[in-house]
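Each chain, letter by letter, is given below.
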Amino acid sequence: NNYEIGDNYDFSYLKMHIPWLRLPWPGFGFIAPFGVLGLVLQRKRFRELILFYSLAILVALTQIVILVYTRHRYLLAVMLMFFGSSAVVALWDGWRAGRRRFAIMSVTILALLGILTYWPTSIEDTRFRSALNLANGLWRAGRIAEANNAYHEALVLNPNFLDGARDYAAAL
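Residues numbered from 1 in each chain as written. Predicted model: local features only at pLDDT ≥ 70, side-chain atom pairs only at ≥ 80, totals over all residues. Heavy atoms only, no water.

**Q** It is not clear to me how a nonpolar patch on the surface should be interpreted in this structure. Could you clarify?
**A** Residues Phe 52, Leu 75, Val 78, Met 81 and Phe 82 make up a contiguous nonpolar surface patch of about 460 Å² in total accessible area. The leading source of residues in the nonpolar patch is helix α4 (residues 74-96), at 4 residues. (Patch = residues over 30% accessible without salt bridge, like charges linked within 9 Å, V, L, I, M, F, W, Y side chains within 5 Å. Areas by Shrake-Rupley, 256 points an atom, 1.4 Å probe, with all protein chains shown as cover. Salt bridge = Lys/Arg side-chain N within 4 Å of Asp/Glu carboxyl O. Helix = DSSP H or I, 4+ residues; strand = E, 2+ residues; numbered from the N terminus.)

Below is the structure:
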């Protein structure tokens, strides 16, 4: 989950052209655990924050269905930042108030959520999607011979992908 499948406008490309994106911003793997912890810690204020909870849950469910590109997580990251900041404040207040057990349990939960955020996905699936995205990009750029090679590589990785086979046939 820490790798974006390249396409025409991936984050790496944007960083080359937008200087402030080159700053060391926290990534989704840092934001998500704090956001989830904040969601849990703010559960007593659920009725007050129903709009934020609803939007965060709706965006998260959408991501489960279409999560391919990192840029699709931007809205979810923004939503989780609100809850994540409340988690940081709660941790700090708990530590200062002497509730060390609460703070230690919260940090343990953060560590587990961080591990889950970076849990590896199928490398074969990532290679397949990368090859397919490359092939589609090359096809749109008019580089047909190179697109053919990339479609072939994608189909070798996932021979059951019918759309890729159709695109490969069209490129031939």
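**Q** Would you mind showing me how to read the packing of aromatic side chains here?
**A** The geometry of an aromatic ring pair is captured by the separation of the ring centres together with the interplanar angle, meaning the angle of the planes. As enumerated under the stated definition, the model contains 3 aromatic pairs in all. Aromatic ring contacts, followed pair by pair, group Phe 46, Tyr 53 and Phe 83 into a single cluster. A cation sits over an aromatic face here: Arg 99 above Phe 102, 5.1 Å from the ring centre. A cation over a ring is seen here: Arg 100 above Trp 95, with NZ or CZ 4.2 Å from the ring centre. (Phe/Tyr/Trp six-rings, centres within 6.5 Å; stacked < 30°, edge-to-face > 60°. Lys NZ or Arg CZ within 6 Å of the ring centre and 35° of its normal.)

**Q** Looking at this structure, I do not really get the nonpolar core. What am I missing?
**A** It is characteristic of soluble globular proteins that their nonpolar side chains tend to be buried jointly. Ranked by size, the top nonpolar core spans 12 residues in total: Ile 31, Ala 32, Leu 39, Leu 49, Tyr 53, Ala 56, Val 59, Leu 76, Ala 77, Met 79, Leu 80 and Phe 83. Those elements that place two or more of their residues in this core are α2 (28-41), α3 (50-66) and α4. The leading source of residues in this core is α4, at 5 residues. Beyond its immediate stretch of four places on either side in the chain, Leu 49 contacts Gln 42 and Phe 83. Grouped together as the second largest cluster of nonpolar side chains are 9 residues, Ala 131, Leu 138, Ala 150 and Tyr 151 included. (Core = buried A, V, L, I, M, F, W, Y, C linked by side-chain atoms within 4.5 Å. Buried < 20%, exposed > 50% of the residue type's maximum accessible area, 1.4 Å probe, protein only. Contact = heavy atoms within 4.5 Å.)

**Q** Honestly, the pattern of salt bridges in this entry has me stumped. Any pointers?
**A** Side chains bearing opposite charge may pair, as long as their charged atoms lie close to each other. Applying the stated criterion across every chain yields a total of 2 salt bridges. Between Arg 45 and Glu 48 there is a salt bridge whose closest N-O contact spans 3.2 Å. Given the relative accessible area of 58%, Glu 48 is considered exposed. Here Glu 146 and Arg 143 are joined by a salt bridge, their closest N and O atoms 2.8 Å apart. For Glu 146, a relative accessible area of 38% puts it in the partly exposed group.

**Q** It is not clear to me how the packing of α2 against α4 should be interpreted in this structure. Could you clarify?
**A** The axes of two packed helices give the description: the angle between them and the distance between them. Where α2 contacts α4, the axes come no closer than 6 Å and their chain directions differ by 65°. Our pair here, α2 against α4, has a crossing hand that is left-handed. Seen from α2, the contacting residues are Phe 28, Ile 31, Ala 32, Phe 34, Gly 35, Val 36, Leu 37, Gly 38, Leu 39 and Leu 41; seen from α4, they are Leu 76, Ala 77, Leu 80, Met 81, Phe 83, Gly 84, Ser 86, Ala 87, Val 88, Ala 90 and Leu 91. Here the residues of the contact of α2 with α4 are counted per class, giving 17 nonpolar, 4 polar and no charged. (Axes fitted to C-alpha atoms, helices over the stretch in contact; angles between N-to-C directions. Left-handed = near helix turned anticlockwise from the far one by under 90°. Nonpolar A, V, L, I, M, F, W, Y, C, P; charged D, E, K, R; others polar.)

**Q** Would you mind showing me how to read helix α7 (residues 144-157) here?
**A** Residues that lie three or four places apart on an α-helix share one face, since the helix turns once every 3.6 residues. With 14 residues, α7 ought to run about 20 Å at 1.5 Å a step, and its terminal C-alpha atoms sit 20 Å apart, in line with that. Those residues of α7 lying buried are Ala 147, Asn 148, Ala 150, Tyr 151, Ala 154 and Leu 155. (Expected span 1.5 Å × (residues − 1).)

**Q** Quick question: what am I supposed to make of α4 here?
**A** For α4, built from 23 residues, the straight-helix expectation of 33 Å at 1.5 Å per residue is met to within 8% by its first-to-last C-alpha distance of 33 Å. At Met 81, α4 is bent by approximately 30°, the largest bend along its length. All of the buried residues in α4 are Leu 76, Ala 77, Met 79, Leu 80, Phe 83, Gly 84, Ser 86, Ala 87, Ala 90, Leu 91 and Gly 94. Just downstream of α4, Gly 98 is the residue with a positive phi angle, here 85°. (Bend = angle between axes of the 7 residues up to and from the residue.)

**Q** Would you mind showing me how to read the environment of Gln 42 here?
**A** As for its position among the elements, Gln 42 is in the loop between α2 and α3. Accessibility expressed as a relative area gives 14% for Gln 42, which makes it buried. Spatially, the C-alpha atoms of Gln 42 and Ala 90 are 9.3 Å apart, while their sequence positions differ by 48 residues. Setting aside residues up to four positions removed in sequence, Gln 42 forms contacts with Leu 49, Tyr 53, Phe 83 and Ser 86.

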